[in-house]
Amino acid sequence: MHPLLGRTLVGGAAWVLAFAAACTQPAPAGESGPGAPTAVATAETTPASIATPAPRAAAVGPDFSGQAAYEHVKQLADVIGSRVAGSDEERKAADYIATQFRSYGYTAEQTPVDFEVADEAVAELEVSGAKRIPTNSLGFSASGSLSAPLVAVRGTGQPADFPASANGAVVLVQRGTLSFGDKVKNAANAGAKGIIVYNNEAGEFRGTLGTAGAIPTVGVSGDAGQELLTLAQQPGAQVRLKVETQSVQVKSRNVLAKASDTCSYIVGGHFDSVQAGPGANDNASGTAATMEAARVLWPLAKQANLCFMAFGAEELGLWGSRIHVRGLSAAERQALKAMVNLDMVGVGDRWRISGSEALVNQVGEVADSLGYKVSLAPSGRGAGGGSDHASFIQAGIPAVFFYRLEDPNYHLATDQAKFIDPTNLEPAGRMTVELIKRLAAAG
Ligand SMILES: [Zn+2]
């Protein structure tokens, strides 16, 4: 789940936001993404000395065991720790997870999740007379350096708000109502060469366009905004604007466990974490429940074409699941009937089940039959943002998302194994196992 972190351990801090993920605290109205830099680790090689910890003793009996799953949580969160995308720790965790899957009988491969992220951008803003204004670029801003007239825009950047003089100028637009991405789109459509978004309250802010913008885009504080508004009234007001972005290559991975050549059902969750903490609940809990479900479902796995996945780089924008889905052939998509996503299932006092309506309702029936209370929130009705299931749903593959609320340690150093309740892991696993059995039986 999305991040608010500081600089990376390795190389430049990153600035990433591809998806507003379920793992994200809700953003202000109209804006996408929480908007602060996320740490990523660049792709330094893992020193051979990093040994994969020995798998724990075989888990108990044929039924899903919360305690057995909890052992995996401790390995991922206590022994390995924070598992930032592309880091050695993420790689160690992938080795551990693959070894566990193999010990249950599956083949397990680590598939590459390579992508580029924009690194921290350098932004400069200077007004007539070489006065520097403190500023920062918005995420996914275009790079560029220009001097142009400064034109203030009424309202918040609706298409009609841009005067003819915006053409060829740097426009000054107030924050609010519209997403940053839409403001920039409208400004570029009005012919603006750059855009300054000023805060609609005191102080600076950070934000993202969500996707690549067409023109250099910076943000300034509310006070600086008022100053620029005054300046823009003066004839011949000019500004110099510069945004320089670099990108960083991230080399992450997914772990894919198979019992046959086909995947008709996938159970999975992301195993990376944010840098701030060891990600015990987000998301060693979902990864652990996935591994324990794989152990329990092995007898059924081959005939039902069951697959189990641990996704990398979810915190940076669902990269693991997006790249996996993007890589599926038409036949593989066709064969894949359902995906079950387990993300943050170890802390909290109530279940929220979201995703594809039919699957969500089936979980409702399963929960009833097992005596668990859940709230059903099929997608599209405030189902709580996205996680890796969103990548499948967007490709037309039915998916359901198990999520337990609320976690006070979300994305903090305190997201530790000691706060995970093994008995919470049991319902997540038992409902998943029962759902898969019913889906496989229905064929
Ligand atoms: Zn998560």
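Before any of the text, the structure's been laid out above.
About the thresholds
Residues numbered from 1 in each chain as written. Predicted model: local features only at pLDDT ≥ 70, side-chain atom pairs only at ≥ 80, totals over all residues. Heavy atoms only, no water. Helix = DSSP H or I, 4+ residues; strand = E, 2+ residues; numbered from the N terminus. Buried < 20%, exposed > 50% of the residue type's maximum accessible area, 1.4 Å probe, protein only. Contact = heavy atoms within 4.5 Å. Areas by Shrake-Rupley, 256 points an atom, 1.4 Å probe, with all protein chains shown as cover. Pairing = 2+ DSSP bridges. Right-handed = clockwise from strand over helix to strand, strands pointing away. Disulfide = S-S within 2.5 Å. Polar contact = N/O pair within 3.5 Å; in protein donor to acceptor, adjacent residues only side chain to side chain. Salt bridge = Lys/Arg side-chain N within 4 Å of Asp/Glu carboxyl O. Axes fitted to C-alpha atoms, helices over the stretch in contact; angles between N-to-C directions. Parallel < 35°, antiparallel > 145°, perpendicular 65-115°, else oblique. Left-handed = near helix turned anticlockwise from the far one by under 90°.

Right, let's get into the overall build of the protein. Helix and strand content of the protein: ten helices and 17 strands. Taking all 443 residues of the protein together, the buried fraction comes to 60%. Considering only contacts within the protein whose residues lie at least 6 apart along the sequence, 78% involve residues at least 24 apart. Looking at the protein as shown, the accessible area adds up to about 16,800 Å², and 52% of this sits on carbon and sulfur atoms.

The buried fraction of strand β7 (residues 170-174) is high, at four of five residues. Relative to β7, strand β6 (residues 144-152) is paired through three bridges, and the arrangement is parallel. Following the sheet pairing, Leu 150 is matched in β7 by Val 170. Strand direction decides the pairing type here: β7 and strand β8 (residues 194-198), joined by five bridges, are parallel. In the strand pairing of β8, Val 173 is matched with Val 197. The parallel pair β7 and β8, bridged by helix α3 (residues 180-189), forms a crossover whose chirality is right-handed.

Attention now goes to the state of the cysteines. In this structure the tally under the stated criterion is one disulfide. Residue pairing for Cys 263: its cysteine sulfur links by disulfide to Cys 307, the two sulfurs lying 2.0 Å apart. In this structure, the disulfide formed by Cys 263 and Cys 307 twists by about -90° around the S-S bond and is classed as left-handed. Placement of Cys 263 in the loop between β11 (247-258) and β12 (265-270) and of Cys 307 in strand β13 (residues 306-311) is noted, with a sequence separation of 44 residues between them. Residue class for Cys 263 comes out buried when judged on its relative accessible area of 14%.

With that out of the way, let us pick up the environment of Ala 301. Along the chain, Ala 301 turns up in helix α5 (residues 280-304). For the pair Ala 301 and Ala 440, spaced 139 residues apart in sequence, the C-alpha separation works out to 9.5 Å. Apart from residues lying up to four places away in sequence, Ala 301 is in contact with Tyr 106, Ala 259 and Leu 306.

A separate point is the environment of Arg 240. The residue Arg 240 is located in strand β10 (residues 238-244) in this model. For Arg 240, a relative accessible area of 22% corresponds to the partly exposed category. Spatially, the C-alpha atoms of Arg 240 and Val 127 are 6.3 Å apart, while their sequence positions differ by 113 residues. Beyond its immediate stretch of four places on either side in the chain, Arg 240 contacts Glu 124, Leu 125, Glu 126, Arg 132, Ser 145, Leu 146 and Ser 147. A distance of 3.1 Å separates polar atoms of two side chains, one belonging to Arg 240 and the other to Glu 124.

The next point concerns the pairing of β8. Across the five residues of β8, five count as buried, placing the element largely inside the fold. By the alternation rule, side chains of β8 split into Gly 194, Ile 196 and Tyr 198 and Ile 195 and Val 197, which are all buried. By the bridge criterion, four bridges tie β8 to strand β9 (residues 217-220) in an arrangement that is parallel. For Tyr 198, the partnering residue across the bridge sits in β9 and is Val 220.

Enumeration according to the criterion identifies 13 salt bridges in this entry. Of the charged contacts in the structure, one is a salt bridge between Lys 251 and Asp 114, with a shortest N-O distance of 3.4 Å. In this pair, Lys 251 is assigned in strand β11 and Asp 114 in strand β2 (residues 107-119), connecting sequence segments 137 residues apart. For Lys 251, a relative accessible area of 39% puts it in the partly exposed group. Accessibility expressed as a relative area gives 37% for Asp 114, which makes it partly exposed.

Packing of helix α1 (residues 66-80) against helix α2 (residues 88-104) brings their axes to within 11 Å, and their N-to-C directions diverge by 160°. Here α1 is positioned roughly antiparallel relative to α2, judged by the angle of their axes. Crossing angle aside, the handedness with which α1 passes α2 is right-handed. Note on element contacts: α2 touches α1 through Glu 89, Lys 92, Ala 93, Tyr 96, Ile 97, Gln 100 and Tyr 104, opposite His 72, Gln 75, Leu 76 and Ile 80.

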